[in-house]
Amino acid sequence: YVKQHGGDDIRWYDKTIEEATSGSLQLEADLRAASAEGQFIPYYQPKFLLDTGIITGFEALVRWQHPTRGLLKPKHFIDAILTHKLSFELFSQMANKIAKQLSEWQQQGFCQHICINADAAEFSHPEFFDMVSGLLVEHNIAACQLHIEVTESSLIQRHDDVRKQLNSLKELGVRLALDDFGTGYASLSYLQDYPFDFIKIDKSFISKIDTDRTQHAIVKAILDLADALNMHVVAEGIETEQQRDVLLDMGCKNGQGYWFGKPVPADVATEMLVKQYATE
Ligand code: C2E
Ligand code: MG
Ligand code: MG
Ligand code: MG
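Our subject in this report is the structure included herewith. Just so it is clear, the model here is predicted, and its values are computed rather than measured. (Residues numbered from 1 in each chain as written. Chains lettered and ligands numbered in written order. Predicted model: local features only at pLDDT ≥ 70, side-chain atom pairs only at ≥ 80, totals over all residues. Heavy atoms only, no water.)

## A closer look at the overall build of the protein chain
The cut-off we apply is this: In this text, helices come from DSSP runs of H or I with a minimum length of four residues, and strands from runs of E with a minimum of two, each type numbered from the N-terminal end. All radius of gyration figures rest on C-alpha atoms, and the globule criterion is 2.2 Å times the number of residues raised to 0.38. Exposure categories follow from relative accessible area, calculated using a 1.4 Å probe and restricted to protein chains: below 20% of the type maximum is buried, above 50% is exposed, and the middle band is partly exposed. In what follows, a contact means two residues having at least one pair of non-hydrogen atoms within 4.5 Å. Residue exposure ignores everything except the shown protein chains as possible cover, and the areas themselves are Shrake-Rupley values with a 1.4 Å probe.
Check the secondary structure of the protein chain and you find 10 helices and 9 strands. For 280 residues, the compact-globule estimate of 2.2 N^0.38 gives 19 Å, and the protein chain sits close to it at 19 Å. Over its C-alpha atoms, taken along the principal directions, the protein chain stretches across nearly 55 × 45 × 40 Å. The buried share of the protein chain, taken over its 280 residues, is 49%. Considering only intrachain contacts with a sequence separation of at least 6, the fraction spanning at least 24 residues in the protein chain is 67%. Element-wise, carbon and sulfur atoms account for 52% of the exposed surface of the protein chain, whose accessible area totals about 13,900 Å².

## What about the coordination of the magnesium ion (ligand 3)?
In an ideal tetrahedron of four donors about a metal, each angle is 109.5 degrees. In an ideal octahedron of six donors, the angles are 90 or 180 degrees. The condition is simple: Atoms are scored as donors when they are N, O or S and lie within 2.8 Å of the metal, with 3.2 Å used for Na, K and Ca; no water is included, so coordination may look incomplete.
Coordination of the magnesium ion (ligand 3) by the protein is provided by D179 (OD), D180 (OD), E236 (OE) and E236 (OE), with metal-donor distances spanning 2.0 to 2.5 Å. Donor residues for the magnesium ion (ligand 3) sit on one chain with the sequence pattern D-D-x55-E. Under the relative-accessibility criterion, D179 is labelled buried at 4%.

## Observations concerning empty space enclosed by the protein
The condition is simple: Residues are said to line a cavity or pocket when one of their atoms sits within 4 Å of a point; the points come from a 1 Å grid over protein atoms alone, cavities being sets where a 1.4 Å probe fits but cannot get out and pockets being open sets with protein on both sides within 12 Å along at least five of seven lines. Grid points are joined across faces, edges and corners, and a volume is the space filled by probe spheres set on the points. When residues are grouped by polarity, Ala, Val, Leu, Ile, Met, Phe, Trp, Tyr, Cys and Pro land in nonpolar, Asp, Glu, Lys and Arg in charged, and all others, Gly among them, in polar.
According to the stated counting rule, one finds 2 cavities of 30 Å³ or more in the structure shown. Taken as a whole, the largest cavity encloses approximately 60 Å³ of empty space. Lining the largest cavity are A95, I98, A99, L102, I116, V132, L135, L136, I141 and L146. Those elements that place two or more of their residues in the lining of the largest cavity are α3 (87-107) and α5 (128-138). The element best represented in the lining of the largest cavity is α3, accounting for 4 residues. Per-class residue counts for the lining of the largest cavity are 10 nonpolar, no polar and no charged.

## Quick look at the packing of helix α8 (residues 213-228) against helix α9 (residues 241-250)
Note the following rule: An axis is simply a line fitted to the C-alpha atoms; with a helix, the fit covers only the stretch in contact. Between two such axes, the angle follows the N-to-C directions and lies from 0 to 180 degrees. Just so you know how the angles are binned, under 35 degrees is roughly parallel, over 145 roughly antiparallel, 65 to 115 roughly perpendicular, and the rest oblique. Crossings are sorted by hand: turned counterclockwise from the far helix by less than a right angle, the near helix makes the crossing left-handed, and turned clockwise it makes it right-handed.
Between α8 and α9, the shortest axis-to-axis distance is 10 Å and the interhelical angle comes to 45 degrees. Classified by the angle between their axes, α8 and α9 sit oblique to one another. The way α8 lies across α9 gives a crossing that is right-handed. When α8 is examined against α9, the residues H216, V219, K220 and L223 are found in contact with a partner set consisting of V246, L247 and M250. Considering only residue class, the contact of α8 with α9 consists of 5 nonpolar, 1 polar and 1 charged.

## Some points on the nonpolar core
Where we set the bar: Residues belong to one nonpolar core when they are buried, are Ala, Val, Leu, Ile, Met, Phe, Trp, Tyr or Cys, and are joined through side-chain atoms within 4.5 Å.
F123 and I148 are the most contacted members of the largest nonpolar core, which has 74 residues in total. The element contributing the most residues to this core is α3, with 9 residues. Apart from residues no more than four positions distant in its own chain, F123 is found in contact with A118, F128, I148, V150, V162, Q165, L166 and L169.

## Regarding the site of ligand 1
Quick reminder of the rule: Whether a residue is near a molecule or strand depends on its heavy atoms: it is near if one of them lies within 4 Å of it. Identification of polar contacts relies on pairs of N or O atoms within 3.5 Å, with a donor-acceptor requirement for protein atoms, meaning one able to donate a hydrogen and the other able to accept it, and with residues adjacent in sequence counted only if both atoms are side-chain atoms.
Among the 24 residues in the neighbourhood of ligand 1, the closest are listed as R63, D179, K203, E239 and Y258. Within the side chain of E236, a nitrogen or oxygen atom sits 3.3 Å from an oxygen atom of ligand 1. Protein burial of ligand 1: of its 800 Å² of free accessible surface, 83% is covered by the chains. With 4 residues, the single largest contributor to the shell around ligand 1 is strand β2 (residues 55-66). In terms of residue class, the shell around ligand 1 is made up of 9 nonpolar, 5 polar and 10 charged.

Here it is as C-alpha cells:
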C-alpha cells in the first residue's frame, strides 16, 4: 500500500492495518477509474522573471478530482500511480489537456510555455515519443512551448532508455528540465549524461537563502555551473520577497513559488495572462 512520507499528511488509504488490503485495492480501482474517466487535471503554477514579474510560462501540476474525496494533491497518489504502472496513463491525460490549453492560449495570442512533469519510467513506454510528437502536430504547437521536467530521483534507473528518449525529444525541439536539482544521488553526472536545457533548483536550497551562507554558496555554485554549461536556471519554492531579492542579486533570472503565485486552475491561469497582455 501507499508509502509513508512522514509528517502528518492525511492518508485516507492506509488508516488501519485491517483496512490496508482493501484500501489498497480500492485505491487501485479508483486510480483506474480516474485514468479511464479523465479525473486527472492540471493546475498551473506561474513561472516568472524575477526582475519584472513577467510570466514566461506555467508548470502543470496534477490534481486528482476524486468523485467523493475532492481535489487531491500528488502526495496522496503519485507513489501508487508508479506501483500500479499507471504513469503513462497519467502522463498522456495530462499531455492531452496541456496541449489543448496551449493551443487555446495560442488562439488568444499568448505564447507562454507549459512544463509537464514526467517520471523517467514513462519514457520507456513504446508509445511515448509518438504520443508527444503527435500532440504537437494535432494542436499545431511549437515544440519549444512544451517543456518536460524529470526529477533526479526518477533517473536512477533505466539509463540508456531514458537517454535515447530525451535525445529524441530534444531533437524534436521539446525543452528538457532537470527537476529538484541537488536532491538526487548523482546530480552532476545527470548534467553530463542527459541533454537538459534547464536546471530547477530544489526548494530545499531556497528556503533560507536570505539568511544561510551555505545555501547561498550552493545556489551560487549551481548558477555558475549552469552558466558555464549554457543552461538556464529556475529557482523553485520562492516564498518571500527577500528570497526573490537575494536570487535576483545573484543573477538568477527565473523562478516559481508561492510568493508570486500558487498553482491555480486553468481559468485563473488564463486570467493572469489576459491581465499581463492588457498591461504590456
Ligand atoms: P515538483 O515538480 O518539484 O513541483 C513543485 C511542488 O512544490 C508542487 O507541489 C508545488 O505546488 C509546490 N510548490 C510550488 N511553489 C512552492 C512554494 O513556494 N513553497 C512550497 N512549500 N511549495 C511550493 P505539488 O503540486 O504537490 O507536486 C508535488 C510533486 O508531485 C511535484 O514536484 C512533482 O514531482 C510531482 N508531480 C506533480 N504533477 C505531476 C505529474 O503530472 N506527473 C508526475 N509524474 N509527477 C507529478
Ligand atoms: Mg516539476
Ligand atoms: Mg521540483
Ligand atoms: Mg518535487
